[in-house]
Amino acid sequence: MSGSPAALKEWELRPPYNARMVIYAALVLALLVYTGSRVEIGRMLHLGGEAAMSAVGLREESQVGSGLTKIATSLFPIVIAERTPVSRIENFDRNHLPWLAHVETEAHTEQRLNPDTLQMEERHETREVLVEPVGYLMHVLRKMLETLELGLWGTVIAILFSVPLAFFSARNYSPNRATYALARGAVSLFRSVPELISALFLVLAFGFGPIAGVLALGIHAAGFLGKFYAEDIENADDKPQEAMRAIGANKVKTLWTAVIPQVIPQYIAYTLYILDRNVRMATVIGIVGAGGIGQELKGRYDIYNYGHVGTILVIIFLTVFALDQISARVRARYV
Amino acid sequence: MLTTDNSSRSEAPAIEFRDLDVRFADGTQALRDVRLSVPRGQFCVVLGPSGAGKSTLLRAVNGLVTAGRGRVEIAGTELTTRTLRTLRPRMAMIHQQFNLVTRASVAANVLSGASPAVPTWRVLLQWYPKHFRDKACELLADVGLESKHLQRRVSTLSGGQQQRVGIARAFMLDPIVMLADEPVASLDPRISRETLELLKRESQQRRTTVLCSLHQIDLAREFGDRIIALRQGVVAFDGAPGAFTDSVVDRVYGTDATRTGRLTRVQAENAGVTATRAVVADATMAEPRKAADAVTTEPRKAADAVTTEARTGAVA
């Protein structure tokens, strides 16, 4: 209180921002405004506002609102049952029906050209169909299991690839500059190719099916894991490593005894994230024919079976949600 | 003094510094003209103010810093990049910050001390040979830990217990040279004494040569067979603890020894003085070279006389 003004000046605490920061903030804002106009953020807000107003009754209709309604009505109710005409089933055995299934007779109307009169005629037929009440659901679940397997093996392959990659692309463990540059390059390359694109090419190489999917997922994730594993190795506490160097342990031994125990929690977290991501990507990757539930999704979408698409989307959502819960629990225990 | 024929090679001093100079990349001279000979089984305490080069002296022994000029010999073998691989497993180190893997178990940490002598695949599988596993248990019992601690994470132990684990790890390969770099700087006085007692007992049992840097003069006098004091990279005193009188302390630690001594100890405890370089730079800036030389050359002559006595006396 009674200190001289000069002494107070020396002890001044300024606010943590200054004119330069205000200028930076203005520049960032300008950048956001410019790029925002290019990605039509304004139109998005406009349409979104319209939809919100029509929803509360302030507007007659809105493009977005009617679009969303159309999607909802076509996806729901979701299709759970499977109906197959008996005539299309080979070696149909009436005495040994599948689980829960029964045979129904349904009336069937068909437009047909009569070759004699050259007139379109309506023909009424009855036909027998095999109804499996949860048949389609089971089919989707089987596909989902296949997708989970894709994701799991994509992760296994990613780990197998990324462990040596991480060793060679960690600056302090790579044997020399060349191996470091090479490994870093490989990691970047793997990461730069999206799964969907590499799957497209791998399908050409390995044919339709899960091989292409597993490899596409594995290679991309190997790039991701390699980078993150390596960065953790580089940032690990050096003190235990120095202790190992001091007694002449080689690099592999030092890494294994003094670094890996330190980074294990992060490694588990990354690997769980990759598993989660791979399962989500595995649902998409089937679109280009690389196996899994995506193939089914694409097929149904292309023949306008939106009810079936609805079932698939619900199952994907439930799976991802369950996976989230499980990985959160594993993380809480080990990390 | 230096015997070259092979029959008496084992009688070569455990550590021999021959005109050792160490200069860091930034140009700081950390050690200058260090000429010392440490016989087998001696408990040698290294003293000196922060930044005097204590850590550097220790780290020059196992090659964590490399000599600019001069050389270091371990049991008659010169330390070079080629001999480093075989010499390092014969030396062990105890660190101020313990340098343990705190997330790993006590057992894993102690066993890691044997890793240089174990094939890599065994280390990868964490499957150490039976005799090493038995040895780890034996050592842990020796340093006063209980069997219930074996699988416990190091992070759950107290500082004193952690340093006991560090000591157990260091003795895994029966080293001929033990380098203790301020082993008690982060421990309280009672635990410090206990830890040094333990270190001394274990090294006497095995006839291990110990080079131990300390900040506490009283502990140095109590535990050292011999005291080596450094000041600005130069040996300022070398002799028996009895000769390390208060006037020598004044010369080593500066004009106001007690104050600087306490100051540096507090600093060491607060900041965990590992960044020796920065401190060395500070010291040289604060005091011009010439003044430092004048201080260090004087006690040197007196100390040399005592050293020869200490050498002959301590071995017997």
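Residue numbering note: each chain is counted from 1, following its sequence as written. Here the convention is simple: chains get letters from A, ligands get numbers from 1, in the order in which they are written. Only residues with pLDDT of 70 or above have their local features reported here, since the model is predicted, and side-chain atom pairs are shown and tallied only from 80 upward, although totals for entire chains, interfaces and linings are computed over all residues.

Novice: Before we move on, can you summarise the overall build of chain A with the specific residues and values?
Specialist: We count a stretch as a helix when DSSP gives it H or I for four or more residues in a row; a strand needs E for two or more, and each element gets its number in order from the N terminus. Helices and strands together make up the secondary structure of chain A, namely twelve helices and three strands. Radius of gyration: over C-alpha atoms. The globule rule applied is 2.2 Å multiplied by the number of residues raised to the 0.38 power. Computed over its C-alpha atoms, the radius of gyration of chain A comes to 30 Å, more than 25% above the 20 Å expected for a compact globule of 335 residues. For the purpose of contact definition, each residue receives a C-beta atom placed from its backbone, and two residues are in contact when these atoms lie within 7 Å. Put simply, 67% of the contacts in chain A that link residues at least 6 apart link residues at least 24 apart.

Novice: So what's going on with the overall build of chain B? Residues and values would help.
Specialist: The number of helices and strands found in chain B is twelve helices and ten strands. A burial count over chain B gives 48% of its 316 residues as buried. Across chain B, contacts joining residues at least 24 apart in sequence account for 75% of those joining residues at least 6 apart. Here a residue counts as buried when 20 or more other C-beta atoms fall within 10 Å of its C-beta, as exposed when 12 or fewer do, and as partly exposed in between; the C-beta atoms come from the backbone.

Novice: Break down the sheet that holds strand E3 (residues 119-132) of chain A for me, with residues and values.
Specialist: Residues and elements named next belong to chain A. An order of E1-E3-E2 is seen for the three strands of this open sheet, with the pairing classed as antiparallel. Edge positions in the sheet fall to strand E1 (82-85) and strand E2 (102-114), since each of these pairs with one other strand and no more. Going across the sheet, the axis of each strand differs from the next one's by a mean of 40°, ignoring polarity. The criterion for strand pairing is that DSSP finds at least two bridges linking the strands in question. For helices, the fitted axis covers only the stretch in contact; all axes are lines through C-alpha atoms, and the angles between them, taken along N-to-C directions, range from 0 to 180 degrees.

Novice: Would you mind going over the interface of chain A and chain B in detail, with residue names and values included?
Specialist: Facing 17 residues of chain A, the contacting portion of chain B comprises 21 residues. Mapped by element, the contributors of at least two residues to the side of chain A that touches chain B are helix H9 (238-246) and helix H10 (251-285) of chain A. The leading source of residues in the side of chain A that touches chain B is H10(A), at seven residues. A class-by-class count of the residues in the side of chain A that touches chain B yields ten nonpolar, four polar and three charged. Under the convention adopted here, Pro, Cys and the residues Ala, Val, Leu, Ile, Met, Phe, Trp and Tyr are nonpolar, Asp, Glu, Lys and Arg are charged, and Gly plus all remaining residues are polar.

Novice: Which residues make up the packing of helix H7 (residues 195-206) of chain A against H10(A), and what are the values?
Specialist: Residues and elements named next belong to chain A. For the pair H7 and H10, interaxial distance at closest approach is 10 Å and the crossing angle is 50°. With respect to H10, the axis of H7 lies oblique. Crossing geometry of H7 relative to H10 is assigned as right-handed. Counted together, Glu 195, Leu 196 and Ala 199 of H7 and Met 281, Val 284 and Ile 285 of H10 form the full contact between these two elements. Here the contact of H7 with H10 is built from residues that sort into five nonpolar, no polar and one charged. Each angle is binned into one of four classes, with values under 35 degrees roughly parallel, values over 145 roughly antiparallel, values of 65 to 115 roughly perpendicular, and all other values oblique. Two helices crossing with the near one rotated counterclockwise from the far one by less than a right angle form a left-handed crossing, whereas a clockwise rotation gives a right-handed crossing.

Novice: Any chance you could break down the packing of helix H3 (residues 41-55) of chain A against helix H4 (residues 63-75) of chain A for me, citing the residues and the numbers?
Specialist: Residues and elements named next belong to chain A. One can describe the packing of H3 onto H4 by two numbers: an axis separation of 7 Å at closest approach and a directional angle of 70°. One element, H3, and the other, H4, form an angle in the roughly perpendicular class. Note on element contacts: H4 touches H3 through Gln 63, Val 64 and Gly 65, opposite Leu 47, Gly 48, Glu 50, Ala 51, Ser 54 and Ala 55. Residues of the contact of H3 with H4, tallied by class, amount to four nonpolar, four polar and one charged.

Novice: Describe the nonpolar core, and please don't skip the residues or the numbers.
Specialist: Note on terminology: a nonpolar core is any set of buried Ala, Val, Leu, Ile, Met, Phe, Trp, Tyr and Cys residues joined through C-beta atoms within 7 Å. Counting residues in hydrophobic clusters, the biggest one holds 134 residues, and the most contacted among them are B:Val177 and B:Leu211. No other element matches the 14 residues that H10(A) contributes to this core. A:Tyr136, A:Ile293, A:Ile312 and A:Ile316 belong to the second-largest nonpolar core, a separate cluster that totals nine residues.

Novice: Lay out the confidence of the model for chain B with the relevant residues and their values.
Specialist: Residue and element names in this part refer to chain B. The quantity known as pLDDT measures the predictor's confidence residue by residue, on a range of 0 to 100. Residues with a pLDDT of 70 or more make up 77% of chain B, whose mean pLDDT is 81. In this model, residues 1-9 is a region of pLDDT below 50 whose contacts with residues beyond four sequence positions or in other chains number four contacts. Note on residues 256-316: pLDDT under 50 across the span, and 77 contacts to partners over four residues away in sequence or across chains. Prediction confidence for the complex, expressed as pTM and ipTM, is 0.75 and 0.75 respectively.

Novice: So what's going on with the environment of A:Ile197? Which residues, and what values?
Specialist: Residues and elements named next belong to chain A. Secondary-structure assignment places Ile 197 in helix H7. Classification of Ile 197 by C-beta neighbours within 10 Å gives partly exposed; the count is 13. Measuring from C-alpha to C-alpha, the distance between Ile 197 and Ala 216 comes to 8.4 Å, with 19 residues separating the pair along the chain.

Novice: Pulling in residues and values, what's your account of helix H9 (residues 246-253) of chain B?
Specialist: Listing the buried residues of H9(B) in full gives B:Val248, B:Arg251, B:Val252 and B:Tyr253. Looking one or two residues beyond H9(B), the residue adopting positive phi is B:Gly254, at roughly 105°.

Novice: Kindly report on the sheet that holds strand E10 (residues 234-239) of chain B, identifying the contributing residues and their values.
Specialist: All names here are of chain B. Taking strand neighbours across the sheet as the criterion, the six strands line up as E6-E7-E8-E3-E9-E10 in an open arrangement whose pairing is mixed. A strand with exactly one partner marks an edge of an open sheet, and here the two such strands are strand E6 (91-94) and E10. Across the sheet, the axes of successive neighbouring strands diverge by a mean angle of 20°, strand direction being ignored. As defined by bridge partners, strand E3 (residues 43-47) adjoins strand E9 (residues 226-231) across four bridges and the pair is classed as parallel. Bridge pairing in E9 places Leu 47 opposite Ala 229. Strands E6 and strand E7 (177-181) of the sheet are contacted by helix H6 (residues 159-170), whose axis makes an angle of about 175° with E6.

Novice: A description of the environment of A:Phe167 should follow, citing residues and the corresponding values.
Specialist: All names here are of chain A. Its place among the elements puts Phe 167 in helix H5 (residues 135-168). The buried category is assigned to Phe 167, around which 20 C-beta atoms lie within 10 Å. Residues Phe 167 and Ile 233, spaced 66 residues apart in sequence, show a C-alpha to C-alpha distance of 8.2 Å.

Novice: Provide a residue-level description of helix H2 (residues 19-38) of chain A, including the pertinent values.
Specialist: Residue and element names in this part refer to chain A. The terminal C-alpha atoms of H2, which comprises 20 residues, lie 29 Å apart, in line with the 28 Å expected from a rise of 1.5 Å per residue. In terms of burial, H2 is a largely surface element, zero of the 20 residues being buried. Downstream of H2 by a residue or two, Glu 40 has a phi angle that is positive, lying close to 60°. Expected helix span is taken as 1.5 Å per residue step, with the number of steps being one fewer than the number of residues.

Novice: Can you explain the environment of B:Ile176? Please cite residues and give values.
Specialist: All names here are of chain B. As for its placement among the helices and strands, Ile 176 is situated in the loop between H6 and E7. Between the C-alpha atoms of Ile 176 and Val 34, which are 142 residues apart in sequence, the distance is 21 Å. Excluding residues within four positions of it along the chain, Ile 176 makes contact with Ala 14, Ala 75, Arg 90, Thr 208 and Thr 209.

Novice: Go over the pairing of E3(B), please, and point to the residues and values.
Specialist: Judged by how many residues are buried, E3(B) sits mostly within the fold: five of five residues are covered. Of the two faces of E3(B), the one carrying B:Phe43, B:Val45 and B:Leu47 and the one carrying B:Cys44 and B:Val46 are both buried.

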